[in-house]
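Results of the structural survey
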Amino acid sequence: MNATHRWNIKTGATASGKTFIDYTTVIPKRIENCTGDGLIVLIGNNINSVERNVLSPMREIWTPGLVSAIRQGNNTVMIFGKRCFIMGADKINQVARLQGTTVEYAYGDEVTTWNQEFFEMLKSRLRAPGSVFDGTCNPAHPTHWFKEFLDGDADIYQQHYQLDDNADFLPPGTAENIKREYAGTVYYDRYVLGRWVAAEGIIYRKFADNTESFIVDAAPDDIVFSTIGVDFGDSGSAHAFNCTGYRKNLQGIVTLDEYRSADIRKKTTVTIEMDANDLAGELVRFVKRQIEANRNVTEIRADSAAQTLIRTITRALQKAGIGIPVRNAMKGPIFDRIGFYVALMGANRYRIMRHCKHTIDAFSTALWNSKHPDARLDDGTTNIDNLDAQEYSTEPYQKQMIDILMLGGQKLG
């Protein structure tokens, strides 16, 4: 009722009902009131996130007849008979999609994950009579550009949400699961209390304080498949591979094996020199080791920044008669990738084989970067490479597993 301003923003905890209010009430009302003076746009971190967080739940409520599927080619949907454009805002090259347009209504999901230049361009495109923006976000660090905008003098109506605001409407136990899984971390302050707080100190505190409780000497017998993550090193880092096993019904994961082409010794990286073919040979041997252990490897996710290396390892695997597909790593926001493992550890759903000493050390020593908010310290003093490889291996299942965690499930040993 009070969202009558140019900018209407809901900030705060995850699962607090922010987006639910929007796709059940706010978005339909705004679209019905649009007069055609400009475009209607729905924006998220990427197009898939708009579909997942906004369009899919809208479709379930309002039916596909009123909320169509995204049309391939022009990324539009028909909502209540009006054409709406779907946009991703995570990269600077998306800015061009807004140039020259006039926007009558914009809805923004996960605004703190957007590229700032996209947001700046959007501000100038809201130039129709009565142009309005509705948006949501989880808090980020206190100096985030969107927090500075919210604290400025624009025409803003802002609501703040905590997890407990929606606790009675979540499935039983969900709020307590979230609190337990993020306890003692920056994610608790942001995702439970909805605060804009800085990340500092040791990242994986529970793992660092209770390392032995995460280590296993034998893989659990309920692993049904595994994936491999590959991080390519440069002059200041190492090549790293991690193989991750998934437990039945995605109830947990286990780091089954690792490879690293360098050692950390007294804050100095001692790297084993190798060319592309050498690296491909190492990966072939690593994959064969997983096949011999009957680990049912379904895919390999490799650092997308090195397409030449990806082609080289793909050819090497094919030559070795290995048909496992090599795909680009998703490389989503680092804060989300870290949060996934923090949640798994908090829920007692992460394990690692004892021989994976590089990854054990990496989780134990990883630090937040005091100069770059929400990023890991990456100055060569700690092993970031195996952490990247570990995250690449699990990103395709990250969202699905977080949903399972939030709703609870059987306890794992």
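Residues numbered from 1 in each chain as written. Predicted model: local features only at pLDDT ≥ 70, side-chain atom pairs only at ≥ 80, totals over all residues. Heavy atoms only, no water.

It is worth spelling out the sheet that holds strand β14 (residues 297-302) at this point. The seven strands are arranged β8-β16-β11-β10-β9-β14-β15 in an open sheet whose pairing can be described as mixed. The sheet terminates laterally at β8 (215-216) and β15 (326-328), the two strands that pair on one side only. As defined by bridge partners, β14 adjoins β15 across three bridges and the pair is classed as parallel. Within β15, the position partnered with R301 by the bridge is R327. Seen against the sheet, helix α9 (residues 307-319) touches β14 and β15 and runs at an angle of roughly 165 degrees to β15. (Pairing = 2+ DSSP bridges. Helix = DSSP H or I, 4+ residues; strand = E, 2+ residues; numbered from the N terminus. Contact = heavy atoms within 4.5 Å. Axes fitted to C-alpha atoms, helices over the stretch in contact; angles between N-to-C directions.)

Now for the nonpolar core. Formed by 73 residues in total, the largest nonpolar core has its most connected members in Y187, Y204, F207, F232, Y341 and Y350. In this view, Y204 contacts I338, Y341, V342, M345, F363, A366, R376, L387 and E391; residues no more than four positions away in its chain are not counted. (Core = buried A, V, L, I, M, F, W, Y, C linked by side-chain atoms within 4.5 Å. Buried < 20%, exposed > 50% of the residue type's maximum accessible area, 1.4 Å probe, protein only.)

Where helix α5 (residues 174-182) meets helix α10 (residues 334-346), the axes come as close as 7 Å, and the angle between the chain directions of the two elements is 105 degrees. The orientation of α5 relative to α10 falls into the category roughly perpendicular. Of the residues in α10, those in contact with R180, E181 and Y182 of α5 are G339, V342, A343 and G346. Its residues placed into classes, the contact of α5 with α10 shows three nonpolar, two polar and two charged. (Parallel < 35°, antiparallel > 145°, perpendicular 65-115°, else oblique. Nonpolar A, V, L, I, M, F, W, Y, C, P; charged D, E, K, R; others polar.)

With that settled, the discussion passes to α10. Its 13 residues give α10 an end-to-end C-alpha distance of 18 Å, which sits within 8% of 18 Å, the value for a rise of 1.5 Å per residue. F335, R337, I338, G339, F340, Y341, V342, A343, L344, M345 and G346 are the residues of α10 that are buried. N348 lies just past α10 and shows a positive phi near 65 degrees. (Expected span 1.5 Å × (residues − 1).)

Along the chain, S16 turns up in the loop between β1 (7-12) and α1 (18-33). For S16, the side chain forms a polar contact with the main-chain oxygen of A13, separated by 2.7 Å. Residue contacts for S16: discarding those within four places in its chain leaves Y161, Q162, L163 and N166. (Polar contact = N/O pair within 3.5 Å; in protein donor to acceptor, adjacent residues only side chain to side chain.)

As defined by bridge partners, strand β3 (residues 76-79) adjoins strand β4 (residues 82-88) across four bridges and the pair is classed as antiparallel. From the neighbouring strand, M78 faces β4, where its bridge partner is R83. Hairpin remark: β3 followed by β4, antiparallel, with two residues in the connecting loop; positive phi at F80, about 50 degrees.

Mapped onto the elements of the fold, V326 is located in strand β15. Of the residues examined, V326 reaches a relative accessible area of 19% and is grouped as buried. Put simply, V326 and Y187 are 139 residues apart on the chain and 32 Å apart in space, counted from C-alpha to C-alpha. With residues up to four places along the chain from it excluded, the contact list for V326 reads I300, A302, I310, I313, T314 and L317.

We now examine the pattern of salt bridges. Scanning all chains against the criterion turns up 26 salt bridges. Linking D22 and K10 is a salt bridge whose minimum nitrogen-to-oxygen distance equals 2.5 Å. Of the two residues, D22 is situated in helix α1 and K10 in strand β1; the sequence distance between them amounts to 12 residues. Of the two residues examined, D22 and K10, each falls in the buried class. When the shortest N-O distance is used, the salt bridge between E282 and R285 registers 3.2 Å. Of the two residues, E282 and R285 are both situated in helix α8 (residues 276-292); the distance of three residues between them amounts to about one turn of the helix. Relative accessible area serves as the criterion here: at 24%, E282 is assigned to the partly exposed category. (Salt bridge = Lys/Arg side-chain N within 4 Å of Asp/Glu carboxyl O.)

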